[in-house]
Amino acid sequence: MPRSTYSPGSKLNPVEDYSKMRRIIAEDPNWSLIIVPSLSNLCLQSIMKNFEKKPIFEDLTPIQKHFVHERLSTSLPLRVTANLISDGVYWKRCCEQRWDLCDFSHYGHSWKRLFFERHLENIIELFIPDVTETKTVLAMVPLCRNYVKRLDISQLLPPVKEPQEEEVEYGSELTIDNEYDGPSMDHFDFNILLNKLTNLEELHLVYRVKQCGMNFEWKMFEMTNRDCESLAKALKSCKTLKLLRLHQSHIEDQQCRVLVKHLLDHPSLRELNFSHNLIGDRGARAIGKLLNRSKLEILNISDNNITGPGAKAIANALSKNSTLLSLNLRLNRLRDEGGEAIGKALLSNNVLHHLHLGANEVTTPTAIALSKVLFQNSTLRSINLSCNNLGVDGGKALEEAMSHNSSITECDIRLTEVDEKRVAFINQVVWNNQKAK
Amino acid sequence: MEEVEKDPEEASEPSVVSENQEANSGVSTQEAEEDPTVEVKEESQENCPEEDEVEGSEKLITPQRIIDLQRDLSALVTNIQTAADAKESMRRTELEEARRLRLERLENDAKSSQERFEEITRGWSIAKQKLIPQELQEALNNQQQLWAVLLEDKKKLISDLQQELKAGDDRYVKDLRKQAEELDLMMERMEDQIKTLTKAYREELAQMERVYQHETDVLLTKYKSEWEQYMKELLDIEGERLTQRKEKVEEYETIIHHLILETSDKDSIISIEQNEKFQVQERELQQIKGTSMVAKLKEIKHEDDLLRNKFNLAHMKSRIISLRTDMKNLVEKYRSQEKQFTKRNQYLSDDYKRNIQQYECIQKKIKHFAAADVKKFEEMWLMIEAEVKQLVERVLVIESLIYKQHLGLAWERPPMPFMEHSGPIQPQKQACGPDRQAESQLFETGSQRMMDASVGPQLEADTESMDMETHREGREAQSESGAEVDEGKLMTETVKKVMELLCDEAGFLVEEKLLSLLAPLEKEEQTVVKLASLLTSFGIEEEDLPMLAHFLIKSKHQQREPTEDVCVEFGEEAETNLTSELIDPKHVVPALKHFLEQLTRSRRSSAHQHFSFQHVEARDASGDEGYWESMGNVISEDKLKLWDAAERTLTQYHAVLTEISELIPETEDLEQQNEELRLMLQQLLTSTL
């Protein structure tokens, strides 16, 4: 290395010591001990360079591990890194490289979990039946099995090949017979996956296609009966599942019944969300049966087509239930028939905390029935009766009931045609209750 | 027709679709609406801790205001949601109503069209009945008109429905737009809420800060004034102290100046003194150093010696220890050996006792057998003797017969002393010549020697008893032995003297070395030792000592009568010369030589004697031979010849006699023949006659 002119890089050496310094330091004037990487760093770098061939990670000290975390290439194949590299900066880098928004607080503050959950979600969301090989999904199972707790699947692609007699099917929509013949519209089969994910606790599913553009078809936004069957079986096989959210998927009575049938006596299911579907009274009856054959704590069947008879079935189950904490029946068509039934059921229930009956076309009789509940029940915390025409009498009954109640901390009676004064009074009581808590 | 039927369905289809669409859009909007609420909730949750803090620090200011603000703002946001919900539910009821109306209308339409259709079909049947072409034409026209009306109705319905669909689509789009607006509004409100809330919080914070600022300002001014006051006081006090100090310093400086002068004088004096002392001490130190050096050297030497001694001592000690261990080992060995020997000794003594017992037993047996043998011998003797005597008698008879009858001589009985004797003979009885005597003499000395030796007392006793028998027979021998016994008594006195003499005379035989060693001892002891060495050199045992003594005493006489037989002299002279005269020293050596020769001889003979002694014990067979021979010699040689001749003649005689006896029957036969012939002659004679 040719010696450049006497440089400021070596600050220490006065002129007379220059000869001495030459002996110690190489003739490169830019040389400095700080620049020279330490041997351990070199070793670590070579380890990282050859990580794919010979992964060494467990034997390193925490500091070295951190070093590796910060510098290891994110393009390494997952089969090498998945079960070897612990949660940490490496996975953060992986995540940030792939996605712009990464909020790891939603994933139990684990970058690794975030990475694997989203990775698996991506694989499933881009899975095209009959085109993508199931291997690609199954290959991921052993790698991410230990880290995936939640799957939030926002789309499921249908097969590429459209059935030939599209028009005919379109005409005779929803007839079961047609569903089963010909190349189907079935989506990804969860049977091959769910029973292998031993840590899965939450499953969010939507049968829809994002950004379909001008290719829109109704078919894209509903699940087939075979889908339903396979999903039900898969759910049954997944013993660790705690939360199931299947929304905006065009679930009808029949499909609901199939799902519920397989979910009966599920060992761990705590929360069920069938919101924004087309469940009618028969489906509601099935759900009512499920209520007392499982450990459900939260049930959300908002925005469905449940009317009086279905509500009666649910109310009947509710009167015997001892696990359900929250019930959401928003945007159904219970009417007074169902509302009164639920009010009666609550008289013999002292478990439920939250009840949502918003936009259900219930009127005064329901308000009176619920005010009876409020008189004596002390477990109910929040009640929502918004967008119902309760009328003046209903408001009066509620006002009286609320004056004797000290447990309600939320009571929504907006747009219910109740007197302003009464609303104010009720709100005052609620606020007092809130303060008392 | 089919088309007409289909129409209503087709018409209804889009409406359903639109409915679905609308529903879906509603769903999506609601979904979208929901999300913000969640956010709002989160926000409110996020706000809560801040609020709490605020409340904690400044309870008085505005906890209620914030809560109200939050409540109102979230209500403002959720109002939109509830409004949307209400609208949606309203829309649904409307939809239901519309659907119901539509269905009714469709039903009515279907009914009316059915009626018309029936009317037309009826028209067709009427038309078929009509035969006139004009009428038929009219009917056809009529039918066509009806068809046209029907089609028009249907078309109208379709167009109505299509219009409705369009209206629905429009409305859907409008709804979508409205929902978008609502969403925008909601977001706006949420943003407003966030803004107002942050503003509120900021205001609150600013207010709090202001309050704090004010408080701190007040406190600060208060403290500052206090501080200044204290500082002033302090400064005053310090100034006073400073002046005081300055004065004092001046005073002290003068004093110190004085003191310095004084002390410098004193110091110089003291230093001189110190120097002197120091020099003296240095000298002393040198001396001490010298002495200490010498002492050290001595010490070193001493230590050196000590070390060496110690080393030696240690060496010795180690040696002692090793020797002790050796000793211990040896002692142990010795003990073990001792034990072994005692054991062995005991074993041997036991063995010895057993052997003695065995020996006694054997003695008894021997005695028994000896007695039995004697008895048997006597019996045998008697029997054989009787037989022999008979034979003798018979011989004598035969002889007498021969003499008397054959020879016709008078027979004389030969002298036969043994015939009177019966039982086993005592040999002395018949043969007592000088040889015999000598033999017995020898035997005597042997027995005497045996007695002295006193080995095997029982055996000795046996032999003695046997001897005693023989003694009785020979008187002389008895007297001799008696003398010997007497002599034994004398011996002890004489022997001593003899021995001393012997030592003096035969001193040359003793080794010089021994003599030099013996020189310091007393005379008696000297003699004893010398004697022992002499005896060993001679090969004489101690038992032979008395004999030697006797011999020396006797050899004195022997000098005078050297021709006499030793044995005889032995017997006779001892009897007569009982005086203890010592032999002449000059003759001692030859006498000794003689004795030794004799001793060796006697030993040899004694060995033989010992052998014969065993025989005599059983029987003295030499006498017997004579005895038996004397018996056998009853018929002498001459007589035997006579007997032979007699036998010969007798045998001849006998042969003649036998011939005669043989001839007798012949003669008798011949006589008989003669007789018969005589008879026959007589008969013939007679017959002839």
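Only a predicted model underlies this, so the values are computations on that prediction, with no experimental measurement involved.

### Let's talk about the overall build of chain B
At step 1: Across its full length, chain B holds 14 helices and zero strands.
At step 2: Each helix (α) and strand (β) of chain B, taken in turn from the N terminus, gives the series α-α-α-α-α-α-α-α-α-α-α-α-α-α.
At step 3: For chain B, the share of sequence-separated contacts (at least 6 apart) that also reach a separation of at least 24 residues comes to 83%.
At step 4: Per element, the accessible surface of chain B, about 50,800 Å² overall, is 57% carbon and sulfur.

### Quick look at the overall build of chain A
At step 1: For chain A, the count of helices and strands is 18 helices and nine strands.
At step 2: Across the 437 residues that make up chain A, the buried fraction comes to 50%.
At step 3: For chain A, restricting intrachain contacts to residue pairs at least 6 apart in sequence, the fraction spanning at least 24 positions comes to 77%.
At step 4: Counting only carbon and sulfur atoms, one obtains 53% of the accessible surface of chain A, whose full area is about 21,600 Å².

### Focus: the sheet that holds strand β5 (residues 298-300) of chain A
Residue and element names in this part refer to chain A.
At step 1: One open sheet accounts for nine strands, arranged β1-β2-β3-β4-β5-β6-β7-β8-β9; its pairing is parallel. Among the strands making up the open sheet, the edge pair consists of β1 (150-153) and β9 (410-412). Neighbour-to-neighbour, the strand axes of the sheet open up by a mean angle of 5°, direction not taken into account.
At step 2: The pairing of β5 with strand β6 (residues 326-328) spans three bridges and is classified as parallel. Pairing of N300 across the sheet is with N328, part of β6.

### Topic: the environment of A:N225
Residue and element names in this part refer to chain A.
At step 1: When you line up the elements, N225 lands in helix α11 (residues 225-237).
At step 2: In this structure the C-alpha to C-alpha distance between N225 and Q254, which are 29 residues apart in sequence, comes to 8.5 Å.
At step 3: Polar side-chain contacts of N225 include one of 3.1 Å to the side chain of Q255.

### Digging into unusual backbone geometry
All names here are of chain A.
At step 1: The phi angle at D130 is positive, at roughly 70°, despite the residue not being glycine.
At step 2: Of note, D130 is situated in the loop between α6 (111-125) and α7 (134-144).
At step 3: In this structure D130 comes out as exposed when scored by relative accessible area, which is 73%.
At step 4: The phi dihedral of Q248 is positive, around 50°, even though this residue is not glycine.
At step 5: Take Q248: it is sitting in the loop between β3 (243-246) and α12 (253-263).
At step 6: We classify Q248 as buried; its relative accessible area is 12%.

### With respect to the confidence of the model for chain A
All names here are of chain A.
At step 1: Summarising the model, chain A shows a mean pLDDT of 84, and 88% of its residues fall at 70 or more.
At step 2: Every residue in residues 1-15 is under pLDDT 50, and counting partners more than four places away or in other chains gives 13 contacts.
At step 3: With pLDDT under 50 throughout, residues 163-182 is counted as low confidence; its partners more than four residues away or in other chains account for 17 contacts.

### Observations regarding α11(A)
At step 1: Between the first and last C-alpha of α11(A) there are 18 Å, a value that for 13 residues agrees with the 18 Å anticipated at 1.5 Å per step.
At step 2: Within α11(A) the residues assigned to the buried category are A:N225, A:D227, A:C228, A:S230, A:L231, A:A232, A:A234 and A:L235.

### Topic: the packing of aromatic side chains
All names here are of chain A.
At step 1: Enumeration over the complete set of coordinates arrives at 13 aromatic pairs over all chains.
At step 2: Ring-pair connections join several aromatic residues into one group, and the members of that group are Y90, W91, W99, F115, F116 and Y147.
At step 3: Lying over the aromatic face of W99, R118 brings its terminal NZ or CZ to 4.8 Å of the ring centre.
At step 4: The ring of Y107 carries the charged tip of R150 above its face, separated from the ring centre by 5.0 Å.

### Points about the UniProt feature "coiled-coil region" (unreviewed entry) in chain B
At step 1: As recorded in UniProt, the feature "coiled-coil region" (unreviewed entry) lies at residues 96-123 and 151-207 of chain B.
At step 2: When the span residues 96-123 of chain B is considered, its composition is 100% helix and 0% strand, and the gap between its end C-alpha atoms is 39 Å.

### Thoughts on the pattern of salt bridges
Two side chains that carry opposite charge are able to pair once their charged atoms sit near each other.
At step 1: If you walk through the whole model with that rule in mind, you get 28 salt bridges over all chains.
At step 2: Members of the salt-bridge network, linked through shared partners, are A:D303, B:E88, B:R91 and B:R92.

### A closer look at the packing of helix α16 (residues 364-376) of chain A against helix α17 (residues 391-403) of chain A
All names here are of chain A.
At step 1: Between α16 and α17, the least distance of the axes is 8 Å, while the angle of their chain directions is 5°. When the interaxial angle is binned, α16 and α17 end up roughly parallel. Residues T364, A367, I368, S371, L374 and F375 of α16 pack against G391, D393, G394, A397, L398, E400, A401 and M402 of α17.
At step 2: Along the lines of polarity and charge, the residues of the contact of α16 with α17 split into eight nonpolar, four polar and two charged.

Rules behind the numbers
- Residues numbered from 1 in each chain as written.
- Chains lettered and ligands numbered in written order.
- Predicted model: local features only at pLDDT ≥ 70, side-chain atom pairs only at ≥ 80, totals over all residues.
- Heavy atoms only, no water.
- Helix = DSSP H or I, 4+ residues; strand = E, 2+ residues; numbered from the N terminus.
- Contact = heavy atoms within 4.5 Å.
- Areas by Shrake-Rupley, 256 points an atom, 1.4 Å probe, with all protein chains shown as cover.
- Buried < 20%, exposed > 50% of the residue type's maximum accessible area, 1.4 Å probe, protein only.
- Pairing = 2+ DSSP bridges.
- Axes fitted to C-alpha atoms, helices over the stretch in contact; angles between N-to-C directions.
- Polar contact = N/O pair within 3.5 Å; in protein donor to acceptor, adjacent residues only side chain to side chain.
- pLDDT = per-residue confidence, 0-100.
- Expected span 1.5 Å × (residues − 1).
- Phe/Tyr/Trp six-rings, centres within 6.5 Å; stacked < 30°, edge-to-face > 60°.
- Lys NZ or Arg CZ within 6 Å of the ring centre and 35° of its normal.
- UniProt positions renumbered as here; feature names shortened; annotations may be inferred.
- Salt bridge = Lys/Arg side-chain N within 4 Å of Asp/Glu carboxyl O.
- Parallel < 35°, antiparallel > 145°, perpendicular 65-115°, else oblique.
- Nonpolar A, V, L, I, M, F, W, Y, C, P; charged D, E, K, R; others polar.

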